[in-house]
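# Notes for the structure review
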Amino acid sequence: FFLIALLIAGVLGFIGYRNMNPADSKEDLPDKVGDMKLDTRYPPKGDVWGAETNFVGLFKDEAKTQSVLYMMTVYKDETTAKDVLRSELAKSCQTGETPMYFTFQKDGKEMSEGATCAVPLYVQKGNRLAAIGGSGADVDTFIEFAENLPFNQGARMSKKGE
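None of these values were measured; they are calculated from a predicted model.

Quick look at the overall build of the protein now. Scanning the protein from terminus to terminus reveals three helices and 10 strands. With respect to the principal axes defined by its C-alpha atoms, the protein has extents near 65 × 35 × 35 Å. Split into buried and exposed, the 162 residues of the protein put 37% on the buried side. Contacts in the protein between residues at least 24 apart in sequence constitute 52% of all its contacts with a sequence separation of at least 6. Here the protein has roughly 9500 Å² of accessible surface; of this, 57% comes from carbon and sulfur atoms. Separation between the mean location of the 19 positive side-chain charges and that of the 23 negative ones in the protein comes to 4 Å.

Right, dumping it as structure tokens:
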């Protein structure tokens, strides 16, 4: 009985450790997005159950005058990503602003969608939710960054309903 319990605890411990320390992903944290290059790559972090994995990086332009903080979270499913988007949007719109909802389209097809009240700019596709913000950059830089994410490559952002 003791050996079986020890084996089960070892397997569960290994799975929990692996979920909390996931492998890096160039898809979720690319080395380059548009004209911005990854300056600082933080180690990915996950939860013990494997339901959420976070990728964080700081991107800078060539002159290092503009920076974009990029936080990508991969959730267990699309419903969770959409729920977190609504929750985060509610937090950032606390002073009564009306959120702006937008879509990223390429060749008439929606690639992803998002919303913002100010900063950060949230972009959601499937089970992925990216928060894009930073300092020393303007709104156009954040939009261009979002349009050049791997899953949006070549898409254009437009306000929903336009």
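The next thing to look at is a negative patch on the surface. A cluster of like negative charges, contributed by D35, E62, D138, D140 and E144, occupies part of the molecular surface. Within the element layout of this structure, E144 appears in helix α3 (residues 139–147). We classify E144 as partly exposed; its relative accessible area is 39%.

Take the packing of aromatic side chains next. Here the structure, examined in full by the defined rule, presents four aromatic pairs. Taken together, a centroid distance of 5.9 Å and an interplanar angle of 85° make the contact between F59 and Y70 edge-to-face. Residue F59 is located in strand β4 (residues 52–60), and its partner Y70 is located in strand β5 (residues 67–75); the two are separated by 11 residues in the primary sequence. Exposure remark for F59: the relative accessible area of 0% places this residue in the buried category. Relative to F104, the ring of F102 lies with its centre 5.5 Å away and its plane at 90°, an arrangement referred to as edge-to-face. Summarising the burial analysis for this pair, F102 and F104 share the class buried. Of the aromatic side chains, those joined through ring pairs into one cluster are F59, Y70 and F145.

The subject of this paragraph is the pattern of salt bridges. Tallied over the full model, the rule gives 13 salt bridges. Across the pair D24 and R41 runs a salt bridge whose closest N-O atoms are separated by 3.1 Å. Residue D24 is found in the loop between α1 (2–20) and β1 (32–33), and its partner R41 is found in strand β2 (residues 36–41); the two are separated by 17 residues along the sequence. Residue classification places D24 among the partly exposed residues on the basis of a relative accessible area of 40%. Classification of R41 by relative accessible area gives partly exposed; the value is 27%. Here R128 makes a salt bridge to E27, at a shortest N to O gap of 4.0 Å. Linking R128 in strand β9 (residues 128–133) with E27 in the loop between α1 and β1, this pair joins segments that are 101 residues apart in sequence.

Before going further, it helps to examine a nonpolar patch on the surface. A grouping of L7, V11, F14 and I15 is seen on the molecular surface, where their side chains present a nonpolar patch of about 390 Å² in accessible area. With respect to the secondary-structure elements, F14 resides in helix α1.

Secondary-structure assignment places V48 in the loop between β3 (45–46) and β4. With 32 residues separating them along the chain, V48 and G16 place their C-alpha atoms 4.7 Å apart. Apart from the residues lying within four places of it in its own chain, the contact partners of V48 are G16, N19 and M20.

What counts and what doesn't
Residues numbered from 1 in each chain as written. Predicted model: local features only at pLDDT ≥ 70, side-chain atom pairs only at ≥ 80, totals over all residues. Heavy atoms only, no water. Helix = DSSP H or I, 4+ residues; strand = E, 2+ residues; numbered from the N terminus. Buried < 20%, exposed > 50% of the residue type's maximum accessible area, 1.4 Å probe, protein only. Contact = heavy atoms within 4.5 Å. Areas by Shrake-Rupley, 256 points an atom, 1.4 Å probe, with all protein chains shown as cover. Lys, Arg positive; Asp, Glu negative; His and termini not counted. Charge placed at Lys NZ, Arg CZ, Asp CG, Glu CD. Patch = residues over 30% accessible without salt bridge, like charges linked within 9 Å, V, L, I, M, F, W, Y side chains within 5 Å. Salt bridge = Lys/Arg side-chain N within 4 Å of Asp/Glu carboxyl O. Phe/Tyr/Trp six-rings, centres within 6.5 Å; stacked < 30°, edge-to-face > 60°.

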